[in-house]
Structure formats: structure tokens, C-alpha cells
Amino acid sequence: MIELKGVTKRFGDETAVDAISLTVKPGELCALVGTSGCGKSTTLRMINRLIEHDEGEIHIDGRPIREFDGRLLRRRIGYAIQSTGLFPHWTVARNIGLVPRLLKWPAARVRERVEELMGLLGLPVDQFADRYPAQLSGGQAQRVGVARALAADPDILLMDEPFGALDPITREGLQAELRDLQSRLRKTIVFVTHDMDEALALADRLVVMKAGHIVQQGTPLALLRAPADDFVASLLGGDDRGLKEAAITQVAERMLPLSPRLLPQARVHRDATLRQALAVMFREHADRLAVVDDEAMPIGELSLRRIVGAGRDGSGES
């Protein structure tokens, strides 16, 4: 668990972070969002003491971070950034194995861990182990950066705009990989991004910052449905908040049980989002869909009325 209690950071006369308090629960992915200069990256870097806080306390598992040696603290916390920070004259395998070697792991264990992570992140060892960063695409280099951050199996992972420089298709693919990794590994992740769609897709909890303060925090759905003020509403998409809610709400939450009437031919998986269901409706010129499970068996149905919110009172109206 990560706890910030009344934390302040100043740079000269400027207060970058002003008395913020925040708790990140074990296994939670917490996204810090806000406009440029709001203090989100400064907050992230204070957690691993890349930047020292001026006031307040930061605890990890109940222990103040200043009780840790700064270098040892950073070795136990994974850190992934937009530029990857890979050493250009080191191979992929050597880059990934950096922290385990610093922790003096046996060579065989380092090699095993490197190969495990390369497999986990879609980097076949025989193709990529001996390549250098300049020989990688942007998406491949970012995968290496994430693998290096995970190499020593840290409980905490800090990610500062890790996918910010990538094209939309590569970025979306890596977001999906991170979601999959998190579902299996359950790391405690603090994720900084300026991309609200990315934050909504990844986060268990959003923390909205403005001018060094935390304006609102909560689940993505809670913030979309009840933004604290006009600033939060605008940041979350303004009049498009409903569409953003549809992009993170699963079909299973709105579907109705099977009825005696004939099921529509058009189908959608129960784990698809309402936004994906709308796309199917547009494509198939349909206002009703059959909802199917992993075996493609119908388990319910979804209507356009249900997507836009009608019938949520339990009446069964579709």
C-alpha cells in the first residue's frame, strides 16, 4: 500500500504539489490525470524518491520512505517512462536484467527471469534477446521498458506516460497487454497519463489533479456519472461523457434475460462494452442483439433502450 499524507513539493517559489493526501490500495491501478503542470508526474516521482517531498509523509506498507536508502527503494519499485530509458549499447536481454543484477541475483536466475518476461510481453527470446534498442520499433522498445520495470518482481510499479509517444494502434495494443498483465499479476500501479480514454480503460481508480491539488478521486464510472465540478466534467469529455461511460461498461451489466420471443441474428459477447455493442448495431442495422457467452451460446439480449439507460429500474422493459 502507498500512502501520501499532506504531501507538498515546492520548486523555488512555485508549489507544484500542495498538501495532497492519497492512498493506493494493494493490487490497485490508480491513474493520475489532469492538465499539463498539475503535479501528477511530480507526485509519481516523489513515491520512489526521484524527487524528495518537502512536507508531509509518504509511506509504503506503513513505513516512511525516508527510512529506506533511496537507491534500494528504487530497486524494489518498478519504473516505466515514455522514453523507455533503455541503454542504447546494451542488448534487450541485458537491459531487462539490469535490476536483478544490481540486486545480485544468480546469473541463471536472471536469465530465467528475462526469458520469462520476454515471453510474457510477446518478445520471442530467439528474435529479440540480442537486439539493441535502435533495432526495435516504438512498441517493442516500450515492451522492453515494461519488462525491465517488472524484472525484479516489484510489488509497486510506477508508470509515467509509458505509451505516450506511440501511434494509436500500438498504444491500444499495449494497453490491452497491461490490462491482461494486471489481471494476472495484481501489482500496485500508479499510472500517469494525459490521455483520458487511456485512464478510463485502465484504472481501478482515477485521481484528478489541478494546480497541485486533488480535485476528485473515485472509480471511473463514479467520476463520469457525478463529476465534482465543471473542470472534472470537461476533463472527462464534457458532453461526450455518456459515450465514454459506454466504452467502459460491459454488456453483461445491461443485458436482459432470454425471453420467449425470437432472438435477433446479430450477436455480441457479454464481455464486450456497450460502445462495441452500439458498433454492432450500426453495422447490422439492428436495435436488438443476442448476448452470447464464451461458447457462443445465447444467455440474454440487449436493446438500444438498455444501452441508453432505459429499463434500469428492474422492470424488465427492453
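Quick summary incoming for the structure in this document. Predicted model only: the values in this text are computed from it and were never measured.

### Considering helix α12 (residues 241–248)
- Of all the residues in α12, the buried ones are Lys-244, Glu-245 and Ala-246.
- Where α12 is buried, its residues touch α9 (196–202), α10 (220–225) and α13 (274–284).

### Structural notes on the pairing of strand β9 (residues 205–210)
- Of all 6 residues in β9, 5 are buried; the element is thus mostly enclosed.
- Alignment of strand β3 (residues 29–33) against β9, held across 4 bridges, turns out to be parallel. By the bridge assignment, Cys-30 is partnered in β9 with Arg-205.
- The sheet contact formed by β9 and strand β10 (residues 213–218) spans 5 bridges and is antiparallel.

### Here's the deal with the nonpolar core
- Ranked by size, the top nonpolar core spans 47 residues in total, and within it Ile-96, Met-159 and Leu-206 carry the most contacts.
- By residue number, the principal contributor to this core is helix α7 (residues 138–150), which donates 6 residues.
- In terms of nonpolar packing, the next biggest core, distinct from the first, is built from 26 residues, Val-24, Leu-44, Ile-156 and Val-207 among them.

### Let's talk about the sheet that holds strand β11 (residues 267–269)
- With mixed pairing, 3 strands are arranged side by side in an open sheet as β11-β12-β13. The sheet is open, and its two edges are formed by β11 and β13 (298–303), each paired on a single side. Taking each pair of neighbouring strands and ignoring which way they run, the sheet shows an average axis angle of 35°.
- Here strand β12 (residues 288–292) runs beside β13; their pairing, made up of 5 bridges, is antiparallel. In the strand pairing of β13, Val-291 is matched with Gly-300.

### Considering the packing of aromatic side chains
- As enumerated under the stated definition, the model contains 2 aromatic pairs in all.
- With centroids separated by 6.1 Å and ring planes inclined at 55°, the aromatic side chains of Phe-163 and Phe-191 adopt a geometry described as tilted. Taken as a pair, Phe-163 in the loop between β7 (156–160) and α8 (168–185) and Phe-191 in strand β8 (residues 188–192) lie far apart in primary sequence, 28 residues in all. Phe-191 matches Phe-163 in its accessibility class, with the two residues each being buried.
- The ring of Phe-11 carries Lys-9 above its face, with NZ or CZ at 5.2 Å from the centroid.
- For the cation-ring pair, Arg-63 lies above Phe-68, with the distance from its terminal atom to the ring centre recorded as 4.1 Å.

The rules behind each value
- Residues numbered from 1 in each chain as written.
- Predicted model: local features only at pLDDT ≥ 70, side-chain atom pairs only at ≥ 80, totals over all residues.
- Heavy atoms only, no water.
- Buried < 20%, exposed > 50% of the residue type's maximum accessible area, 1.4 Å probe, protein only.
- Helix = DSSP H or I, 4+ residues; strand = E, 2+ residues; numbered from the N terminus.
- Contact = heavy atoms within 4.5 Å.
- Pairing = 2+ DSSP bridges.
- Core = buried A, V, L, I, M, F, W, Y, C linked by side-chain atoms within 4.5 Å.
- Axes fitted to C-alpha atoms, helices over the stretch in contact; angles between N-to-C directions.
- Phe/Tyr/Trp six-rings, centres within 6.5 Å; stacked < 30°, edge-to-face > 60°.
- Lys NZ or Arg CZ within 6 Å of the ring centre and 35° of its normal.

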